[in-house]
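# Structural features, examined
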Amino acid sequence: MSERRCACRGVSGRARTVLLVVVAAAAAVGLAAFAWPDVWRDWLAGGQDKGAEERPPPRVELATAVTRNIAEQVPATGTLESPESITVTVEVNGRVVDLGFSEGQAVARGQMLVELDRASERARLAEARAQHTEAELALARQTTLAERELAADARVDSARAALATAAAAVEVAREALGERRVIAPFAGVAGARLVSRGAFVTPGQAITTLSITSPLDVAFDAPAATLPHIDDTVQVELASTAYPGERFEAELSFIAPALDRATRTLPLEATLDNRDGRLKPGMLMEVTLILGRRDALTVPEAALVTRGPAAYVYVVDEDLIGHRRSVTPGIRRDGWVEIVDGLGAGARVVEAGLQRLRDGQKVRPATAQRAPAPAGEGG
């Protein structure tokens, strides 16, 4: 009985040993598959039947690396502003008898905007003019008498002073009458009407606004690094979400003499023509500064594969073999990416079908190769 128990224990120990060996082998295979995935994939491919080896190459779409003349661009955001904008107010008390503008309509320089009751001021001006006339006659009489030596020179001087006083009174009355009318100081567009005819207004009360809407200014900031490239030849383009796909050209009109101390950026201002009136003061604009142009080698953005800091493309040779090639990408814009290093002009790269492609694998172009974009395209 004891011999049988010992034999059983021996068999159990051997089974445990075999089990441990199997587990260790499985763990080693799993570790190898994790550490060397390419080797593992090739090993599995080698173990497949001959039918798998005879499968057709994957279909891919090809594109050609082309040279574009691109713009060196600096993006910014800005706000449209009117170069001249005021709040129209009155300077004196009075009742509104007339309004010479319509809301949102163009106003000419010198056009009457609002008129207050002027009856009292007209009467004062008429009185001052009458006194001025009387003073002129008095001076004439005293001058005649003095010439005949019938009046002293002092009387002539007194009459002359009275005439000057009367003339000043006429000017004061005329100014008081003029204050009853508010005249547009420049041509622009009137805003909302804030008073009605018959309303009594007080000094400083707002009547409307007056703004120049053509041209318009846009104020924005540029990074300090662009300072060596900023001058009056820099091109400025504007875009707004209100008009998708449209670009508005502007001209750089102001370069600040110093950087903003808070942001360390350079304040700039550009002016654009707005004759059609589509753009309005206060609109947020996307600003693009075009500092210059240069030639750059580009490929479709879809052809670039990134893995962390590494980037590569698949280049297809004359034998339709795809080769993975490391590249250095540059700027990205409008569906294409610049290749700074690692690729030459005219190279054929895989644009679609990258998921099924391995380095050194033969490919089949799915469609005709896409024609390169014209030189100079790409903004």
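Quick caveat: nothing in here was measured; it's all calculated off a predicted structure. (Residues numbered from 1 in each chain as written. Predicted model: local features only at pLDDT ≥ 70, side-chain atom pairs only at ≥ 80, totals over all residues. Heavy atoms only, no water.)

### Thoughts on helix H4 (residues 119-147)
In an α-helix, one full turn covers 3.6 residues, which means residues spaced three or four apart are oriented alike. Worth spelling out the cut-off: Secondary structure elements are taken from DSSP: a helix is a run of H or I of four residues or more, a strand is a run of E of two residues or more, and numbering for both begins at the N terminus. The span you would expect from a helix comes to 1.5 Å times its residue count less one. When a residue's accessible area, from a 1.4 Å probe over protein chains only, is under 20% of the maximum for its type it is buried; when over 50% it is exposed; and in between it is partly exposed. The criterion used for residue contact is that any of the two residues' heavy atoms lie within 4.5 Å.
Compared with an ideal rise of 1.5 Å per residue, which puts 29 residues at 42 Å, H4 spans 43 Å between its outermost C-alpha atoms and is within 8% of the ideal. Within H4, the full set of buried residues consists of Glu-121, Leu-125, Ala-128, His-132, Ala-135, Leu-139 and Gln-142. The inward-facing, buried residues of H4 contact helix H5 (153-178). Glu-149 sits one or two residues past H4 and shows a positive phi near 60 degrees.

### A closer look at H5
Taking 1.5 Å per residue as the helical rise, H5 with its 26 residues ought to reach 38 Å, and the 38 Å between its terminal C-alpha atoms agrees with that figure. Every buried residue belonging to H5 is among Val-156, Ala-159, Leu-163, Ala-166, Val-170, Ala-173 and Leu-177, and all of these are buried. Summarising the contacts, the buried residues of H5 are in contact with H4 and strand S7 (181-183).

### A look at the environment of Gly-94
Secondary-structure assignment places Gly-94 in strand S4 (residues 94-99). For Gly-94, a relative accessible area of 4% gives the class buried. Along the primary structure Gly-94 and Leu-116 are separated by 22 residues, whereas in three dimensions their C-alpha atoms are 5.6 Å apart. Residues in contact with Gly-94, not counting those within four places in the same chain, are Leu-116, Arg-180, Ala-199, Phe-200 and Val-201.

### Some remarks on the confidence of the model for the protein
Definition in use: Summary of the metric used: pLDDT quantifies the predictor's per-residue confidence within the range 0 to 100.
Per-residue confidence for the protein gives a mean pLDDT of 81, with 82% of residues at or over 70. Ranking the elements of the protein by mean pLDDT puts helix H3 (residues 50-53) last with 48 and strand S10 (residues 206-211) first with 94. Every residue in residues 1-11 is under pLDDT 50, and counting partners more than four places away or in other chains gives 0 contacts. Counting interchain partners and residues more than four positions distant, the pLDDT-below-50 stretch residues 45-52 has 0 contacts.

### Digging into the pairing of strand S6 (residues 112-116)
As a reminder of what qualifies: Criterion used throughout: strands pair if DSSP finds at least two bridges between them.
A large share of S6 lies buried, amounting to 5 of its 5 residues. Note that S4 and S6 share 3 bridges and pair antiparallel. The residue bridging Leu-99 from the neighbouring strand is Val-114, located in S6. In this sheet, S7 lies alongside S6 in antiparallel orientation, the contact comprising 3 bridges. Bridging across to S7, Met-112 finds its partner in Ile-183.

### Overview of the sheet that holds strand S5 (residues 106-107)
The strand order S3-S10-S8-S5 describes an open sheet built from 4 strands, whose pairing is antiparallel. Looking at which strands have only one partner, the edges of the open sheet turn out to be strand S3 (85-89) and S5. Relative to S10, S3 is paired through 5 bridges, and the arrangement is antiparallel. Looking at S10, one finds that Ser-85 is bridged to Ser-211.

### Focus on the pairing of strand S14 (residues 265-272)
The pairing of strand S11 (residues 216-223) with S14 spans 8 bridges and is antiparallel. In the strand pairing of S14, Asp-217 is matched with Thr-271. As paired strands, strand S13 (residues 248-255) and S14 are joined by 4 bridges and run antiparallel to one another. Residue pairing in the sheet places Phe-254 in a bridge with Glu-269 of S14.

### Section: the pattern of salt bridges
So the rule is basically this: Salt bridges are counted wherever a side-chain nitrogen of Lys or Arg sits within 4 Å of a carboxyl oxygen of Asp or Glu.
Within this structure, the stated rule accounts for 12 salt bridges. Across the salt bridge formed by Glu-237 and Arg-247, the nearest N and O atoms sit 3.2 Å from each other. Linking Glu-237 in strand S12 (residues 235-239) with Arg-247 in the loop between S12 and S13, this pair joins segments that are 10 residues apart in sequence. On the basis of relative accessible area, Arg-247 is assigned to the partly exposed category, the value being 43%. In this structure, Arg-278 and Glu-246 form a salt bridge, with 2.8 Å as the shortest nitrogen-oxygen distance.

### A word on the packing of H4 against H5
Rules: Whenever a helix is involved, its axis is fitted only over the stretch in contact; in every case the axis is a line through C-alpha atoms, and angles between N-to-C directions fall within 0 to 180 degrees. An angle counts as roughly parallel when it lies under 35 degrees, as roughly antiparallel when it exceeds 145, as roughly perpendicular when it falls between 65 and 115, and as oblique in every other case. Each helix crossing is assigned a hand: it is left-handed if the near helix lies turned anticlockwise from the far helix by less than a right angle, otherwise right-handed if that turn is clockwise. Only Asp, Glu, Lys and Arg are considered charged in this grouping, and only Ala, Val, Leu, Ile, Met, Phe, Trp, Tyr, Cys and Pro are considered nonpolar; every other residue, Gly among them, is considered polar.
In contact at an axis separation of 8 Å, H4 and H5 are set at 165 degrees when each is read in the N-to-C sense. On the basis of the axis angle, H4 is roughly antiparallel to H5. The two elements H4 and H5 meet at a crossing, and its hand is left-handed. Of the residues in the contact of H4 with H5, the class split is 17 nonpolar, 4 polar and 9 charged.

### Section: the sheet that holds S6
Strand order in this open sheet of 4 strands is S7-S6-S4-S9, and the pairing throughout is antiparallel. For this open sheet the edge positions go to S7 and strand S9 (200-201), each flanked by a neighbour on one side alone. Relative to S9, S4 is paired through 2 bridges, and the arrangement is antiparallel. Within S9, the position partnered with Gly-94 by the bridge is Val-201.

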